[in-house]
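Observations on chain architecture
Listed here are the chains, written in short residue letters.
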Amino acid sequence: MLKITNLNKKYKNVSAVEDFNLEIENGHIYGVVGPNGAGKTTFFKMMAGLAAPDSGEITVSTGEPLEKYREKMSFMIESPYLYDSMTAFENMKIIGGIKGVTDENKMRNLLELVKLDGTGKKKVKEFSLGMRQRLGIACALVSNPEVLVLDEPMNGVDPEGIVALREMLLKLCKDKNITLLVSSHILGELFQLATDFIFIKEGRILKVIDKNTLEDTGDNLEEFYMKEIIGHGDG
C-alpha cells in the first residue's frame, strides 16, 4: 500500500528520522513502539505532509501521487483539535464541512460507533480525555480513510476508556478494512491491538516483527521491548 524508502529528517543537527525503510500493507494494524524522542511523531508528520523529509520518499503502490492519496488518509497527531464550546455532533459537522462531507446520518453513525451518540447537548469541554480521543477518531473517520494514523490515542485515558478504545479500533479495522498505524506507551494494550510492531529508537527503525513471530519468542511485548530495544546497543 505504502512504501517508505530511505526517509530522513533532521532538526538542527539531530536526526529525528534516519534511513527509514518500511512497507505498509493493506489491512494490517501497526503498533509503532519507542521511547519519547524516538522519532514516532516526526514520522507521522511526514506521512501527513506536516513536515518535509530532508531526503527519501513515501510512495503509493498503485503509482498514485502521495499528495492525492493523502485524501484517503486521516491523522490524529499528538491530540485531536476540537472546539470545546461545541457538542460532539457540532464538531463533526465542522470537520465534515472541511472535508466536503455533509451526510449527517453518517456523522451520527460514527458517533454511535465511538459510543458518543448519547452525549446530546453536552459540550466537549465537559468530556473526559477518553471521550475527547474517541471524538477525535470519529472526526478522522468522516472521510472514509483507507489509512488511519493515531499518535498516542491512549495517552492519559483511564483503564476503562483504554479498553473501549481498543475494542472500537479492532471493530473499525475489521468492519471497514482500514489500515492502522498507532503509537502507544501502553504496551500491553498495544499487544492486544496490533498485528505488527515497528520498533524505533533514536530515529532509527531497529526491528519490524509481526505478532505471531513475537509470540513465538515466548516474550510479551514489554519483555521484548526491554530486551531488544531498551537494551539494544548497550555494552
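Just so it is clear, the model here is predicted, and its values are computed rather than measured.

This brings us to the pattern of salt bridges. Tallied over the full model, the rule gives seven salt bridges. Across the salt bridge formed by arginine 108 and glutamate 104, the nearest N and O atoms sit 3.8 Å from each other. Highlighted residues: arginine 108 and glutamate 104, both in helix α4 (residues 104-113), separated by four residues, approximately one helical turn. For arginine 108, a relative accessible area of 42% corresponds to the partly exposed category. Judged by its relative accessible area of 30%, glutamate 104 falls in the partly exposed class. Taken together, the salt bridges that share partners define one network made up of Lys93, Glu104 and Arg108.

Attention now moves to unusual backbone geometry. Generally, phi is negative for residues other than glycine and the peptide bonds are trans, each holding for most cases. Even without being a glycine, glutamate 152 presents a positive backbone phi close to 50°. Looking at glutamate 152, the relative accessible area reads 12%, which means it is buried. One non-glycine residue, glutamate 202, adopts positive backbone phi at about 50°. Inspection of the secondary structure puts glutamate 202 in the loop between β8 (196-201) and β9 (204-210).

So, about helix α6 (residues 159-176). The end-to-end C-alpha separation of α6 is 26 Å, in line with the 26 Å expected for 18 residues at 1.5 Å each. Those residues of α6 lying buried are Gly161, Ile162, Ala164, Leu165, Arg166, Met168, Leu169, Leu172 and Cys173. For α6, the elements touching its buried residues are β3 (29-33), α4, α5 (129-141), β6 (147-151), β7 (179-183) and α7 (187-193). A distance of 3.1 Å separates the backbone nitrogen of glutamate 160 from a side-chain oxygen at the start of α6, and that oxygen is part of aspartate 158. Following α6 by one or two positions, asparagine 177 adopts a phi angle in the positive range, close to 55°.

Attention now moves to the sheet that holds β9. The mixed open sheet is built from six strands, whose spatial order is β5-β6-β7-β3-β8-β9. Both outer strands of the open sheet, β5 (73-76) and β9, are each paired with one neighbouring strand and no more. Along the sheet, successive strands turn relative to each other by an average axial angle of 15°, direction set aside. One ladder, built from four bridges, connects β5 with β6; its direction is parallel. Counterpart to serine 74 in the pairing with β6 is leucine 148.

The next thing to look at is the pairing of β8. Within β8, six of the six residues are buried, which leaves the element mostly enclosed by the surrounding structure. Covered by surrounding structure in β8 are Asp196, Ile198 and Ile200 together with Phe197, Phe199 and Lys201, the residues of both alternating faces. Across six bridges, β8 lies against β9 in antiparallel orientation. Looking at the pairing, phenylalanine 199 lines up with lysine 207 of β9. Linkage of β8 to β9, two consecutive antiparallel strands, is achieved through a turn of two residues, within which glutamate 202 is found at a positive phi near 50°.

One open sheet holds the three strands; their spatial order is β2-β1-β4, and the pairing between them is antiparallel. The open sheet is flanked by β2 (14-24) and β4 (55-60), the only strands paired with a single partner. Within this sheet the neighbouring strands show an average axis-to-axis angle of 15°, counted without direction. Pairing of strand β1 (residues 2-11) with β4, which is carried by five bridges, proceeds in the antiparallel orientation. Within β4, the position partnered with asparagine 8 by the bridge is serine 55. Docked against the sheet, helix α1 (residues 40-48) engages β1, β2 and β4, running at close to 120° with respect to β1.

Cut-offs applied
- Residues numbered from 1 in each chain as written.
- Predicted model: local features only at pLDDT ≥ 70, side-chain atom pairs only at ≥ 80, totals over all residues.
- Heavy atoms only, no water.
- Salt bridge = Lys/Arg side-chain N within 4 Å of Asp/Glu carboxyl O.
- Helix = DSSP H or I, 4+ residues; strand = E, 2+ residues; numbered from the N terminus.
- Buried < 20%, exposed > 50% of the residue type's maximum accessible area, 1.4 Å probe, protein only.
- Expected span 1.5 Å × (residues − 1).
- Contact = heavy atoms within 4.5 Å.
- Polar contact = N/O pair within 3.5 Å; in protein donor to acceptor, adjacent residues only side chain to side chain.
- Pairing = 2+ DSSP bridges.
- Axes fitted to C-alpha atoms, helices over the stretch in contact; angles between N-to-C directions.

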